[in-house]
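Structure at a glance
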Amino acid sequence: KAGVTQTPRYLIKTRGQQVTLSCSPISGHRSVSWYQQTPGQGLQFLFEYFSETQRNKGNFPGRFSGRQFSNSRSEMNVSTLELGDSALYLCASSLGVTTGELFFGEGSRLTVL
Amino acid sequence: KQEVTQIPAALSVPEGENLVLNCSFTDSAIYNLQWFRQDPGKGLTSLLLIQSSQREQTSGRLNASLDKSSGRSTLYIAASQPGDSATYLCAVKGSNYKLTFGKGTLLTVNP
């Protein structure tokens, strides 16, 4: 059974640009959540989608957005990149929103120059 | 606001030792608690998931307990091996469905 797949794995952008990251969940999982991991702040929740609807959102500015498609695949977008957006972005999938075990992808490492 | 604390921040032990990692959380209204390990530069690997109605879960050499009333969880690793070296994270899913992570415990098992 394939795991959670994130693309791209690595990317370099410059300040002011935008970036789109993709996440394909485990087959049958309908919930996808996104997290930002930095050395200083640790792992922080960005948002969660279930059945194409955003169910929950963390405390990040509006430059961070996401969406989920009918096949449960999800994308997140960061516009007007800042140096502080450099981080490992992790996606996780689960069967449901409340009780399901979370399975993570390998992450997308974003470097903003 | 849920806060999750993991103690110790780092731990170094000789191979074969049994060890305990601690996780505490401030809001006991949770849906579940999950333990993960993370190898450098990698994603998170799920170790154990404990639902709020459960007291413990076991998988191989790992045992995790949950005491909701006191806001504590422990991860017990038996007969540690060098391959267990990693950062261990606990995460709590609160009543607002948001997942809150601790900062992790960096475990080094020396051969």
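The following paragraphs examine the structure supplied in this document. (Residues numbered from 1 in each chain as written. Chains lettered and ligands numbered in written order. Predicted model: local features only at pLDDT ≥ 70, side-chain atom pairs only at ≥ 80, totals over all residues. Heavy atoms only, no water.)

What about the overall build of chain A?
- The secondary structure content of chain A amounts to zero helices and 11 strands.
- Helices (α) and strands (β) of chain A occur, in sequence order from the N terminus, as β-β-β-β-β-β-β-β-β-β-β.
- If you line up chain A on its principal axes, its C-alpha atoms span 40 × 25 × 25 Å.
- Expressed as a percentage of the 113 residues in chain A, the buried residues total 51%.
- Of the contacts formed within chain A by residues at least 6 apart in sequence, a portion of 54% connects residues at least 24 apart.
- Total accessible area computed for chain A in this model is approximately 5,200 Å², and 48% of it derives from carbon and sulfur atoms.
- When the 11 positive and 7 negative side-chain charges of chain A are each reduced to one mean point, those points stand 3 Å apart. (Helix = DSSP H or I, 4+ residues; strand = E, 2+ residues; numbered from the N terminus. Buried < 20%, exposed > 50% of the residue type's maximum accessible area, 1.4 Å probe, protein only. Contact = heavy atoms within 4.5 Å. Areas by Shrake-Rupley, 256 points an atom, 1.4 Å probe, with all protein chains shown as cover. Lys, Arg positive; Asp, Glu negative; His and termini not counted. Charge placed at Lys NZ, Arg CZ, Asp CG, Glu CD.)

A short note on the interface of chain B and chain A
- Tallying the contact residues gives 20 residues for chain B and 24 residues for chain A.
- Interface of chain B and chain A: buried area, both sides summed, is about 1,800 Å²; carbon and sulfur atoms make up 51% of it.
- Summed over the shared surface of chain B and chain A, the number is one salt bridge.
- A salt bridge links Lys93 of chain B to Glu48 of chain A; its shortest N-O distance comes to 3.9 Å. (Buried area = accessible area lost by both parts, 1.4 Å probe. Salt bridge = Lys/Arg side-chain N within 4 Å of Asp/Glu carboxyl O.)

Remarks on the packing of aromatic side chains
- The full count for this structure, using the stated rule, is nine aromatic pairs over all chains.
- Ring centres of Tyr35 of chain A and Phe101 of chain B lie 5.7 Å apart, and the angle between their planes is 85°; on these two criteria the pair is classed as edge-to-face. One end of the pair, Tyr35 of chain A, is in strand S4 (residues 31-38); the other, Phe101 of chain B, is in strand S10 (residues 99-101), on a second chain.
- For Tyr35 of chain A, a relative accessible area of 2% gives the class buried. (Phe/Tyr/Trp six-rings, centres within 6.5 Å; stacked < 30°, edge-to-face > 60°.)

A closer look at the layout of surface pockets
- As a volume, the largest pocket reaches approximately 660 Å³.
- What lines the largest pocket is a set of 23 residues, and nearest its centre among them are Gln44 of chain A together with Lys1, Gln2, Leu99 and Thr100 of chain B.
- When contributions to the lining of the largest pocket are tallied by element, the ones reaching two or more residues are strand S5 (42-50) of chain A together with S10 of chain B.
- If one sorts the elements of the lining of the largest pocket by residue count, S5 of chain A sits on top with four residues.
- In terms of residue class, the lining of the largest pocket is built from seven nonpolar, 11 polar and five charged.
- As a volume, the second largest pocket reaches approximately 450 Å³.
- Lining the second largest pocket are 21 residues, and of these Gln37, Thr38 and Pro39 of chain A together with Gln38 and Thr87 of chain B sit closest to its centre.
- When residues of the lining of the second largest pocket are traced back to their parent elements, those giving at least two are S4, S5, strand S9 (87-94) and strand S11 (108-112) of chain A together with strand S9 (86-94) of chain B. (1 Å grid on protein atoms, 1.4 Å probe; cavity = no way out; pocket = protein on both sides within 12 Å on 5 of 7 lines; lining within 4 Å. Points joined across faces, edges and corners; volume = space filled by probe spheres on them. Nonpolar A, V, L, I, M, F, W, Y, C, P; charged D, E, K, R; others polar.)

Some points on the sheet that holds strand S3 (residues 19-25) of chain B
Residue and element names in this part refer to chain B.
- Spatial strand order, S1-S3-S8-S7-S6: five strands in an open sheet with antiparallel pairing. The strands lining the two open edges of the sheet, one partner per strand, are strand S1 (4-7) and strand S6 (56-59). Pairs of neighbouring strands in the sheet enclose a mean axial angle of 15°, with direction left out of account.
- Where S6 lies against strand S7 (residues 62-67), four bridges are found, and the strand directions are antiparallel. Directly across from Gln57, in S7, lies its bridge partner Ala64. (Pairing = 2+ DSSP bridges. Axes fitted to C-alpha atoms, helices over the stretch in contact; angles between N-to-C directions.)

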